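Examining the three-dimensional arrangement
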Amino acid sequence: MTGAASVEPLDPQDAMRYIGGRGLNVARLVREIDLDVDPLSPENVLLVGVGPLDGTLFPGAARVNFTSKSPQTGILGDSNAGGFFGPELKFAGYDQVIIRGRAARLSYLFISDDGVQLLPAEDLAGLDVWETQSALLARHGRRAQVACVGPAAERGVKFSGIFCNLVRAAARTGMGAVMASKGLKAIVVRGTRPLEVASPEEFLALVKALDARILSHPEYKPRVALGTTRLVSALNAAGCLATRHFKTGRFEHAAEVSGEALAARLRVKGKACFSCTIPCSRFFEVKSGPHAGLKSEGPEFEGLAAFTSRVGAGDLEAGLATLDICNRAGMDAIATAECVSFAMECFERGIISREEADGLDLTWGNSDAVRTLVRKIASREGFGDVLADGVREAARRIGRGSEDLAMHVKGLELFMADLRGLKGYALGNAVASRGGDHLRSEPSFELTGDAEAAERRFGAREAAFRLEHKGKGRVVKHFEELCALADSLDACKNTIANMEVLPFDDAANILRAATGLEFDGAGVQAACERIVNVERCFLVALGIRRKDDTLPKRFREEPMPAGCGATSGSTVALDEMLDEYYEARGWDVATGVPTASTLRRLGLDDWLGRLEDRGVPQIRQ
Ligand code: SF4
């Protein structure tokens, strides 16, 4: 990276085919890189993309996508964050930033109305996320927005993320490690340009109608009160809360570490991302005890369960203190918690000794040991270095049967729900384009119990029930497309996917009013399908097939233990759901490769030759 920058206009055809954010990023990524590129080499690129509604009054259009080839998984790297960074990039006049090469010394990018500058950042080396943000805001003013990496990324922790507004993390798939490999500590943006939409009156009327739908939705009040943290209690009641590394689905201390306990004891006030109708985030403060003085924003459900139920610890404040260390170091809390809880199960089974664990007593619930191990991972010190490349690589290094205990798909660690109790989520994680990931589909419809709607929409009454397999292929396909829409608008999934308040026709109307481009509902849905298929083609080109669309052995073969209510005795029958999913997608059922007719229908003919060149024989059929 030399600091040289050039600007090109956004191609309206690309905007209609891929919408923005995640879609435009992946479309550009596969054009920019040699697919076999080493993710941490200068030849890899890092894309920063925002959606066409970012910075407008559209509710929750606040997000920003970071996309690259992942150093953690070796496949697609893509992660997004809310807060205020995305809109600011739009105010500076940019839809997408493409970062190539490697800076000769530690640097940061400063993007403003006047252009892009590469500035020295050697004085920021080793600073944590909060310290970095403070230092850069002091330099560029408090109206600037900062996306930065912490010390973990500088030390090459493969699951390090890019953090905006302190704790708004694009945490997954190691985008922080890619940014650090480019010699970049941060991106600072300050934009003051006016943002205009094509048809202001129509746009405002559509946004008001959407706001009204959100405000009257039954999910509105619970989300304002607790955000996603209510899932600790809800999943525990359903018997599928990740507990002691998925050994069981109920945690005896769930009430003490729940979102309700957090709200009652520690909440200070609510908080929202830019232009959001739902202030689902919170500030909290610990006022007494050994962690007194700890203040932060959040956490989301994943961060809350990460260092409590997943590691068997019933001390809420201790869990939040560990999460704070993880966040400030700039690491993905899901991956970190999996690595730690995996080590604890290996310790319990005698696969690793106390000596190998640097003398730590990794007994379930030992919050002090958990905190020390998280620090060791962040600094790649001792046993922490074994875990710092992710759980798949840790299991490969440790061996001795630990591979069967590593809870990941395609190298990406699984979140805080036990997938034996959520069959649609299980399928979604198995097929997700960035590895084990709930956020590529979030098929929450399976929790509704609305059999009539399930039959009407997905052709199977069972689709509305979390422990049933039938119909889940079609449910996951639909929600994957809603998530692709949210990620490409760079708006919030809480509304678009979970509440389902923006059908494709309405999305097209809003996009037309905002951009003046001739979007229609069918075209928007096709764009979402195209995004999923381009991501799949990228994975197929790298060798991913049906055999890789799987789940850890525990979920497929070990029934959920007794004591977990209706979930007890359950495993995931993946094959049946995969057949249905591939058929719904128009992919070859035997291999999971998109068929030629599907690619042609979506205007992705270029992939036919590209995949054939890479030895994918099925592609011409
Ligand atoms: S619902 Fe929550 S996460 Fe989503 S945009 Fe609003 S405040 Fe942010």
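Residues numbered from 1 in each chain as written. Predicted model: local features only at pLDDT ≥ 70, side-chain atom pairs only at ≥ 80, totals over all residues. Heavy atoms only, no water.

**Structural notes on the overall build of the protein chain**
For the protein chain, the count of helices and strands is 26 helices and 15 strands. At 23 Å, the protein chain has a C-alpha radius of gyration in line with the 25 Å of a compact globule built from 621 residues. Taking the principal axes of the C-alpha coordinates as reference, the protein chain spans close to 60 × 60 × 50 Å. A buried classification covers 63% of the 621 residues belonging to the protein chain. Looking at the protein chain alone, contacts between residues at least 24 apart form 67% of all its contacts between residues at least 6 apart. Accessible surface computed for the protein chain: about 21,100 Å², of which carbon and sulfur atoms make up 50%. When the 77 basic and 84 acidic side-chain charges of the protein chain are each reduced to a single mean position, those positions are 2 Å apart. (Helix = DSSP H or I, 4+ residues; strand = E, 2+ residues; numbered from the N terminus. Rg over C-alpha atoms; globule rule 2.2 N^0.38 Å. Buried < 20%, exposed > 50% of the residue type's maximum accessible area, 1.4 Å probe, protein only. Contact = heavy atoms within 4.5 Å. Areas by Shrake-Rupley, 256 points an atom, 1.4 Å probe, with all protein chains shown as cover. Lys, Arg positive; Asp, Glu negative; His and termini not counted. Charge placed at Lys NZ, Arg CZ, Asp CG, Glu CD.)

**Points about the sheet that holds strand β6 (residues 115–120)**
Here six strands make up an open sheet; going across it, the order is β6-β5-β10-β7-β8-β9 and the pairing mixed. Both edges of this open sheet fall to β6 and β9 (168–170), since each of them pairs with a single strand only. Sheet twist, expressed as the mean angle between neighbouring strand axes with direction ignored, is 20 degrees. Docked against the sheet, helix α4 (residues 129–140) engages β5 (107–112), β6, β7 (145–148), β8 (162–164) and β10 (184–190), running at close to 145 degrees with respect to β7. (Pairing = 2+ DSSP bridges. Axes fitted to C-alpha atoms, helices over the stretch in contact; angles between N-to-C directions.)

**What to know about the pattern of salt bridges**
One pass over the structure, following the stated rule, counts 56 salt bridges. Among the ionic pairs, D368 bridges to R371, the shortest N-O distance being 2.7 Å. Highlighted residues: D368 and R371, both in helix α14 (residues 367–379), separated by three residues, approximately one helical turn. D579 is the salt-bridge partner of R546, the closest N and O atoms lying 2.7 Å from each other. Within this pair, whereas R546 is found in the loop between α22 (521–541) and α23 (553–557), its partner D579 is found in helix α24 (residues 574–585), the two being separated by 33 residues in sequence. With relative accessibility at 15%, the residue R546 sits in the buried group. (Salt bridge = Lys/Arg side-chain N within 4 Å of Asp/Glu carboxyl O.)

**Concerning the nonpolar core**
Counting 163 residues, the largest nonpolar core has F58, M331, F342, L362, F383, L485 and W607 as the members making the most contacts within it. Beyond its immediate sequence surroundings of up to four residues, F342 is in contact with H245, L387, V391, A394, A395, I398, S402, L405 and A406. Residues L46, A147, V149 and I162 belong to the second largest nonpolar core, which totals 29 residues. (Core = buried A, V, L, I, M, F, W, Y, C linked by side-chain atoms within 4.5 Å.)

**A few points about unusual backbone geometry**
Glycine aside, negative phi is the norm for most residues, and most peptide bonds take the trans geometry. The amide bond that connects G298 to the next residue, P299, takes the cis arrangement and shows omega of -5 degrees. Secondary-structure assignment places P299 in the loop between β13 (295–297) and α11 (301–306). Positive phi is not limited to glycine here, since T173 has a value of about 70 degrees. Its location among the elements puts T173 in the loop between β9 and α6 (175–181). By relative accessible area, which is 0% here, T173 ends up buried. Positive phi, normally seen in glycine, also occurs at R244, with a value near 45 degrees.

**Quick word on the site of the ligand**
The local shell around the ligand consists of G60, R168, A272, C273, C276, I278, C280, C492 and N494. Looking at the shell around the ligand residue by residue, the class counts come to six nonpolar, two polar and one charged. (Near = heavy atom within 4 Å. Nonpolar A, V, L, I, M, F, W, Y, C, P; charged D, E, K, R; others polar.)

**Concerning empty space enclosed by the protein**
Inspection of the entire model under this criterion finds one cavity of 30 Å³ or more. The space that makes up the largest cavity amounts to roughly 80 Å³. In this structure, the largest cavity is lined by R22, V431, A432, S433, R440, E480, V532, E535, R536, L539, Y581 and W587. For the lining of the largest cavity, the class distribution of residues is six nonpolar, one polar and five charged. (1 Å grid on protein atoms, 1.4 Å probe; cavity = no way out; pocket = protein on both sides within 12 Å on 5 of 7 lines; lining within 4 Å. Points joined across faces, edges and corners; volume = space filled by probe spheres on them.)

**Section: the packing of aromatic side chains**
Counted by the stated rule, this structure contains nine aromatic pairs. The interplanar angle of 65 degrees and the centroid separation of 6.0 Å between the aromatic rings of F91 and F274 together place this pair among those described as edge-to-face. Of the two residues, F91 sits in helix α3 (residues 85–91) while F274 sits in the loop between β11 (267–271) and β12 (281–285), which places them 183 residues apart along the sequence. Across this residue pair, the class does not change: F91 and F274 are buried. The ring of W130 carries R328 above its face, with NZ or CZ at 4.0 Å from the centroid. One residue, R610, lies across the ring of W607, its end atom 4.6 Å from the ring centre. (Phe/Tyr/Trp six-rings, centres within 6.5 Å; stacked < 30°, edge-to-face > 60°. Lys NZ or Arg CZ within 6 Å of the ring centre and 35° of its normal.)

**As for the layout of surface pockets**
Empty space among the atoms becomes apparent when a probe as large as a water molecule is rolled across them. In this structure, the second largest pocket occupies an estimated 840 Å³ of space. Looking at the lining of the second largest pocket, the elements that each hand over two or more residues are α2 (21–32), β4 (96–100), β5 and β6. At five residues, β4 tops the list of elements feeding residues into the lining of the second largest pocket.

**Digging into α2**
Counting along an α-helix, one turn takes 3.6 residues, and residues three or four places apart therefore face a common direction. If you check α2, its first and last C-alpha atoms are 16 Å apart, about what twelve residues at 1.5 Å a residue would give, namely 16 Å. Burial analysis of α2 places ten of its twelve residues in the buried class, which makes it a mostly covered element. The set of residues buried in α2 consists of G21, R22, G23, L24, N25, V26, A27, R28, L29 and V30. (Expected span 1.5 Å × (residues − 1).)

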